[in-house]
Amino acid sequence: MNRNSLQNNLAMTVILISGTMLFATLLMGYAIYRTSASVWPPMGMMKVSLGYPVISTLTIFLSSWFSHQVKAEVKLGNISSARSNLDTTIVLGVLFLAVQTLLWNQLRNTGVYVESGIFASIMYGFTWIHAAHVVLGLSSLAWLRLVMKPTTNELWQKALNVEKFWHFLGIIWFILFLTLFVL
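Notes on the structure in this doc start here. Computed from a predicted structure; not experimentally measured.

Analysis parameters
Residues numbered from 1 in each chain as written. Predicted model: local features only at pLDDT ≥ 70, side-chain atom pairs only at ≥ 80, totals over all residues. Heavy atoms only, no water. 1 Å grid on protein atoms, 1.4 Å probe; cavity = no way out; pocket = protein on both sides within 12 Å on 5 of 7 lines; lining within 4 Å. Points joined across faces, edges and corners; volume = space filled by probe spheres on them. Helix = DSSP H or I, 4+ residues; strand = E, 2+ residues; numbered from the N terminus. Nonpolar A, V, L, I, M, F, W, Y, C, P; charged D, E, K, R; others polar.

## Here we look at the layout of surface pockets
What the largest pocket holds in volume is close to 270 Å³. Lining the largest pocket are N8, A11, M12, I15, H133, L136, S140, W143, K158, N161, V162 and F165. Among the secondary structure elements, those contributing two or more residues to the lining of the largest pocket are helix 1 (3-36), helix 4 (118-147) and helix 5 (155-182). For the lining of the largest pocket, the residue count by class is seven nonpolar, four polar and one charged.

This is the structure we're talking about:
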């Protein structure tokens, strides 16, 4: 592993630790709010339907699987297959954002707005922050698509770092899914 690869790995590690700290802090605040509430969801709020969150979860997990296949195909030198898997990952990532938009519309249609109270603010806040990170992840995937050429040096290392970030987003979404929608 050369110096650039080590620097890129270190940079990705710092990014993942920073993201983990952000979401851990938000989740701790949510846990304090949730455990101090006498009724859940708070008075006047309905429990959010699991339909869109389940679709989002399945979509992001499937995209994570295709992301893993990108790295595997790059390692084998199958750039054409890697591109195909990368395209599928990107399409599923965009689909995830589309389903999130449907979720936000569903919340608004049931009278849950950002200004509806702490519960609504937390729900929107978590999903908006995660969506912003998904946009960053999609940008990384698109960048990887642009640099994916058979003669590109260190392509596997680039694919590995982008995959790490994409998997991180999937793990964070699963934690949010369980915390906000299931429990």
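This is not the end of the story, as more comes after the structure.
## Examining empty space enclosed by the protein
One pass over the structure, following the stated rule, counts two cavities of 30 Å³ or more. Contributing to the lining of the largest cavity are W40, P41, K47, V48, F119, M123, L180, F181 and L183. The residue inventory of the lining of the largest cavity, partitioned by class, reads eight nonpolar, no polar and one charged. When its volume is computed, the second largest cavity comes out at roughly 30 Å³.

Scope: geometric values only; no functional claims are made or implied.
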